Amino acid sequence: NSDSAERKVDSVCPYCGVGCQLTYHVKDDAILYVEGRDGPANQGRLCVKGRFGFDYGRHPSRLTRPLVRREGVPKGMDEGFDPARPLTHFREADWDEALTLAAGGLTRLKADHGPRALAGFGSAKCSNEEAWLFQKLVRTGFGSNNVDHCTRLCHASSVAALMECIGSGAVTASFMQALNADVVILTGCNPAVNHPVAATFFKQAAKGGTRFIIIDPRGQAMGAYAHRVLRFTPGADVSLFNAMLNVIIDEQLFDEAYIREHTEGFERLKASVRDQTPESVAMACGVPADEIRAAAREYANAERAMIFWGMGISQHTHGTDNARCLISLALACGHTGRPGTGLHPLRGQNNVQGASDAGLIPMVLPDYQPVSDAQVRASFEELWGNAGTSSDGSGDALDPEPGLTVVEIMDAIHAGTIRGMYILGENPAMSDPDLTHARGALASLEHLVVQDLFVTETAQFADVILPASSWPEKDGTVTNTNRQVQLGRQALPLPGDARPDWWIIQEMARRFGLDWDYGHPREVYAEMQKGMASLNHIDWERLEREGAVTYPCLAEGAPGEDVVFSEAFPTASGKARFSPALPLPPDEPIDRDYPTVLSTGRQLEHWHTGSMTRRAQVLDDLEPEAVASLSAGELTRLGVHPGERVTITTRRGAITLVARLDDGMPDGMVFVPFCYVEAAVNLLTNPALDPYGKIPEFKYAACRLSRA
Ligand code: SF4
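Note that the structure is a prediction, hence the values are computed from the model and not measured.

**Student:** Even after reading the chapter, I still don't get the pattern of salt bridges, so can you show me in this structure?
**Tutor:** With the rule as written, the count across this model stands at 43 salt bridges. For the salt bridge of glutamate 291 with arginine 228, the shortest nitrogen-to-oxygen distance reads 3.8 Å. Of this pair, glutamate 291 sits in helix 11 (residues 289–301) while arginine 228 sits in strand 10 (residues 228–230), and the two are 63 residues apart along the sequence. Among the salt bridges present, the one from arginine 293 reaches glutamate 251, with a minimum N-O distance of 3.3 Å. A residue pair is termed long-range when its members are at least 10 positions apart, and arginine 293 in helix 11 and glutamate 251 in the loop between helix 7 (237–250) and helix 8 (256–262) qualify at 42 residues. Here the salt bridges do not stand alone but share partners, grouping Asp96, Glu507, Arg510, Arg511 and Asp517 into one network.

And the structure:
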């Protein structure tokens, strides 16, 4: 009943990259209910997470006091540990003691072993301001570039390919442009589950005449709206896309004028795909040659066409190659730079775009400016004043060496080179591949500081846990998959001694000797605008007035560019570059002992490692237990009925969980969400990395299934 609400506070959904605007209806310092607002990405719509996933911040296990590990309690995940009653392993502390211990342990390690002995994980749950401050602390306080976040597990390979080929890692057009497209390819994504409100616009586009081509090993709800569905053998993506390119080149369906004017390297691409005919790859792809030809013709012949992709493309050891192929398709056909055309990697988390832009990446400073570039470093040293001291003794304030990425940091801990970490909002004890390895690394850290809402699986390894702020408890900006910068406003007070994340990072920075004195996130944002051209003309005050502005925004008051690169690409030559790719097998192909493909991801009701949504009552009631999705054929083969339990085994471990019938699953494949600690599928996943994006192969591990 809206009449009983005392206050309405406008904000943004904290979950997926769609970035739906919403209104919290608040009474007595509690959210009564949530309504969708007329934001540019949602037009009043919300999915089940945005509508019902708001009460996690008031869960009984919410941290309200800093915690310090008790003397003698060994580090590690303890089966009997109760996150709601953590005082058996930790004791409460006041902020001064907790911060002194947290920063003291890290500064000691820096003094004894040098700056590169420390690392930090920020998070795509961070606002832009928190991400900026966190990477600034690591670079100027810790003194290295060892800072990364979950983009490394998400779209790092897509960004690597986009930067290489078109000079920019962000989308070239918003998902709303699907409404202007004649043809849309959805590949390696499942928007009805992972970007539900974007899916509603795709369905609207389909009803309006846009022809959808779905290219994916799994069937999905969007299939009902598709003109054409190509279900291919897992791991055969590059072969399939190259065969489409072969058709486009062989049948001269490419856009010669566009290629001449806007690209370079087409001859190399032509040579690379010359022999990869649909007929030669059909068997390996599991798709008839005619279907490949038809899809290629349909995409190439469209006046306006777009490609959307997700983690099914990026989370492979050949993830960068997958994305290179998709970019080649768009460039060959001239499908960028106009309304209804474009390349759009659907961003996973609500601020993975913004956190990446703000610099939570080890090889680049904010706005993707390379750490190795002396001029770039000099400009940030000037902006940040007394920036600290570098690790290499060169006298530079900022370290010129790129830092380590997420999985590399875990390896470096085992190797003894990384000894201390500060983790903000990330949960690598659930999200990293090969969790036995990752948890072993966390346990062997000499000092670990975790800043979070709960005693997460990762926090169970911490020496000090700092109680953070949940999204409805803070002001801040976030940037969605469409490059729309949006403002979230504080709706609730912080419980107990929990503090805003920006305040905690600042207190840590002060204990590293940094002279920070921010009073509100808007002051941080003002500093960001001085170092990030992408935020030009998008002032905080404007966001307060308008709620959202798309970057790049070319003039004061202009709406921002929904479609980019109509004239030139942001590369040295102004042209985009074709980057051919050759098919490679998965790192761990199926064999006689492990004959089934294991793929992991998300489900509609739960979010990533489940730290928030499994504490949201409605969402947890809807999906309370770990499930493995299997085809009818696979269930019959195993002699398992839906609801019975199966064991999944890989070379790295085994989990047992409930089997669910999913008609979209092909035989020979199982899909498991990674949010369930009681059946943590990342115990099984393969940590092998894509060599460019350094992203693990979450979408393909060889496994064996058995009735439990
Ligand atoms: Fe939130 Fe994404 Fe759902 Fe929108 S579609 S309500 S942003 S989870």
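On we go.
**Student:** When you look at the environment of histidine 318 in this model, what are you seeing that I'm missing?
**Tutor:** Note that histidine 318 resides in the loop between helix 12 (311–314) and helix 13 (319–333). When the C-alpha positions of histidine 318 and leucine 582 are compared, they lie 9.4 Å apart, and in sequence the two are 264 residues distant. Within the structure, the side chain of histidine 318 is placed 3.3 Å from the side chain of aspartate 237, a separation counted as a polar contact.

**Student:** Looking at this structure, how should I read the packing of helix 4 (residues 156–166) against helix 13?
**Tutor:** The description of two packed helices rests on the angle between their axes and on the distance between the axes. Contact pair helix 4 / helix 13: the axes reach a minimum separation of 8 Å and the direction vectors enclose 45 degrees. It follows from the interaxial angle that helix 4 and helix 13 lie oblique. Judged by the sense of rotation from one axis to the other, the crossing of helix 4 with helix 13 is right-handed. From helix 4, Ser157, Ser158, Ala160, Ala161, Leu162, Glu164, Cys165 and Ile166 reach across to helix 13, where they touch Gly319, Thr320, Ala323, Arg324 and Ile327.

**Student:** Please explain the site of the ligand as it appears in this structure.
**Tutor:** In the neighbourhood of the ligand, the contacting residues comprise Cys13, Tyr15, Cys16, Gly19, Cys20, Leu46, Cys47, Lys49, Gly50, Pro196 and Val197. Those elements that place two or more of their residues in the shell around the ligand are helix 1 (48–52) and helix 6 (196–207). Counted by class, the shell around the ligand contains 8 nonpolar, 2 polar and 1 charged residues.

**Student:** Sorry, what's going on with the sheet that holds strand 9 (residues 211–215) here?
**Tutor:** Where strands meet in a sheet, backbone hydrogen bonds hold them as pairs that are either parallel or antiparallel. The 5 strands lie next to each other as 10-9-8-12-13, forming an open sheet whose pairing is parallel. Because the sheet does not close on itself, it has two edges, and the strands there are strand 10 and strand 13 (342–345). The sheet shows a mean angle of 15 degrees between the axes of neighbouring strands, direction not considered. Across 5 bridges, strand 8 (residues 183–187) lies against strand 12 (residues 305–309) in parallel orientation. Following the sheet pairing, isoleucine 185 is matched in strand 12 by isoleucine 307.

**Student:** What should I look at first to understand the nonpolar core in this one?
**Tutor:** Most often, soluble globular proteins have nonpolar side chains that are buried together. Ranked by size, the top nonpolar core spans 57 residues in total, and within it Trp132, Leu137, Tyr422, Leu466 and Met508 carry the most contacts. If sequence neighbours within four positions are ignored, tyrosine 422 has contacts with Leu106, Ala119, Gly120, Phe121, Phe134, Leu137, Phe142, Val449, Gln451, Ile504, Ile505 and Met508. Listed in part, the 56 residues of the second largest apolar core include Ile215, Leu230, Met244 and Ala300.

**Student:** Before we go on, may I ask you to explain the packing of aromatic side chains in this structure?
**Tutor:** Where two aromatic rings form a pair, the distance of their centres and the angle of their planes describe that pair. One pass over the structure, following the stated rule, counts 16 aromatic pairs. Considering the side-chain rings of phenylalanine 565 and phenylalanine 569, the 5.5 Å spacing of their centres and the 45 degrees angle between planes classify their relative orientation as tilted. Comparing phenylalanine 565 with phenylalanine 569 shows no difference in burial state: the two are buried. Ring-pair connections join several aromatic residues into one group, and the members of that group are Trp132, Phe380 and Trp384. Seen from the ring of phenylalanine 201, arginine 45 lies directly overhead, with NZ or CZ sitting 3.9 Å from the centre. The ring centre of phenylalanine 454 lies 4.0 Å from the NZ or CZ of arginine 615, which sits over that ring.

**Student:** I would appreciate a short explanation of the packing of helix 3 (residues 128–142) against helix 15 (residues 374–384) in the present structure.
**Tutor:** Taken N-terminus to C-terminus, the directions of helix 3 and helix 15 make an angle of 105 degrees; their axes are 13 Å apart at the nearest point. The pairing of helix 3 with helix 15 is recorded here as roughly perpendicular in orientation. Residues Trp132, Gln135, Lys136, Arg139 and Thr140 of helix 3 lie in contact with helix 15, whose contacting residues are Phe380, Leu383 and Trp384.

**Student:** I keep staring at the side chain of threonine 650 and nothing clicks. Help me out?
**Tutor:** Mapped onto the fold, threonine 650 is located in strand 25 (residues 645–650). If we skip the residues at most four places from it in the chain, threonine 650 touches Tyr594, Leu598, Leu684, Ala702 and Cys703.

**Student:** Would you take a moment to explain a nonpolar patch on the surface for this structure?
**Tutor:** Taken together, the side chains of Phe52, Val618 and Leu622 make up a nonpolar region of the molecular surface, amounting to roughly 240 Å² of accessible area. Considering the arrangement of structural elements, one finds valine 618 in helix 22 (residues 617–622).

**Student:** So what exactly am I meant to see when it comes to the sheet that holds strand 17 (residues 447–452) here?
**Tutor:** Strands sit in the order 5-4-18-17-16-6-7 across an open sheet of 7 strands; the sheet is mixed. The two strands at the open ends of the sheet, each matched to only one other strand, are strand 5 (90–92) and strand 7 (147–148). Bridge count between strand 4 (residues 67–69) and strand 18 (residues 464–467): 2 bridges; the pairing is antiparallel. Residue leucine 67 lies in a different strand from strand 18, and its bridge partner there is isoleucine 465. Packing against the sheet, helix 3 makes contact with strand 6 (118–121), strand 7 and strand 16 (420–424), and its axis sits at approximately 175 degrees to strand 6.

**Student:** How do you make sense of helix 10 (residues 278–285) when you look at a structure like this?
**Tutor:** What sets the pattern is the α-helix's 3.6 residues per turn: residues three or four places apart point alike. Taken together, the buried positions of helix 10 are occupied by Pro278, Val281, Ala282 and Cys285. Down the axis of helix 10, the sector holding all buried residues measures 130 degrees, keeping them to one side. The elements touched by buried residues of helix 10 are helix 7 and helix 11. Immediately beyond the C-terminal end of helix 10, within one or two residues, lies glycine 286, with a positive phi of roughly 70 degrees.

**Student:** Whenever I open this one, unusual backbone geometry confuses me. Can you help?
**Tutor:** Glycine aside, negative phi is the norm for most residues, and most peptide bonds take the trans geometry. Residues tyrosine 551 and proline 552 are joined by a peptide bond in cis, for which omega reads -5 degrees. We note that aspartate 29 has phi near 55 degrees; this positive angle belongs to a residue other than glycine. Along the chain, the position of aspartate 29 falls in the loop between strand 2 (21–27) and strand 3 (30–36). With a relative accessible area of 43%, aspartate 29 lands in the partly exposed category. In this structure, histidine 537 is a non-glycine residue whose phi angle is positive, near 70 degrees. Structurally, the position occupied by histidine 537 is in the loop between helix 20 (521–531) and helix 21 (540–546).

Parameters and conventions
Residues numbered from 1 in each chain as written. Predicted model: local features only at pLDDT ≥ 70, side-chain atom pairs only at ≥ 80, totals over all residues. Heavy atoms only, no water. Salt bridge = Lys/Arg side-chain N within 4 Å of Asp/Glu carboxyl O. Helix = DSSP H or I, 4+ residues; strand = E, 2+ residues; numbered from the N terminus. Polar contact = N/O pair within 3.5 Å; in protein donor to acceptor, adjacent residues only side chain to side chain. Axes fitted to C-alpha atoms, helices over the stretch in contact; angles between N-to-C directions. Parallel < 35°, antiparallel > 145°, perpendicular 65-115°, else oblique. Left-handed = near helix turned anticlockwise from the far one by under 90°. Contact = heavy atoms within 4.5 Å. Near = heavy atom within 4 Å. Nonpolar A, V, L, I, M, F, W, Y, C, P; charged D, E, K, R; others polar. Pairing = 2+ DSSP bridges. Core = buried A, V, L, I, M, F, W, Y, C linked by side-chain atoms within 4.5 Å. Buried < 20%, exposed > 50% of the residue type's maximum accessible area, 1.4 Å probe, protein only. Phe/Tyr/Trp six-rings, centres within 6.5 Å; stacked < 30°, edge-to-face > 60°. Lys NZ or Arg CZ within 6 Å of the ring centre and 35° of its normal. Patch = residues over 30% accessible without salt bridge, like charges linked within 9 Å, V, L, I, M, F, W, Y side chains within 5 Å. Areas by Shrake-Rupley, 256 points an atom, 1.4 Å probe, with all protein chains shown as cover. Arc of directions from axis to C-beta.

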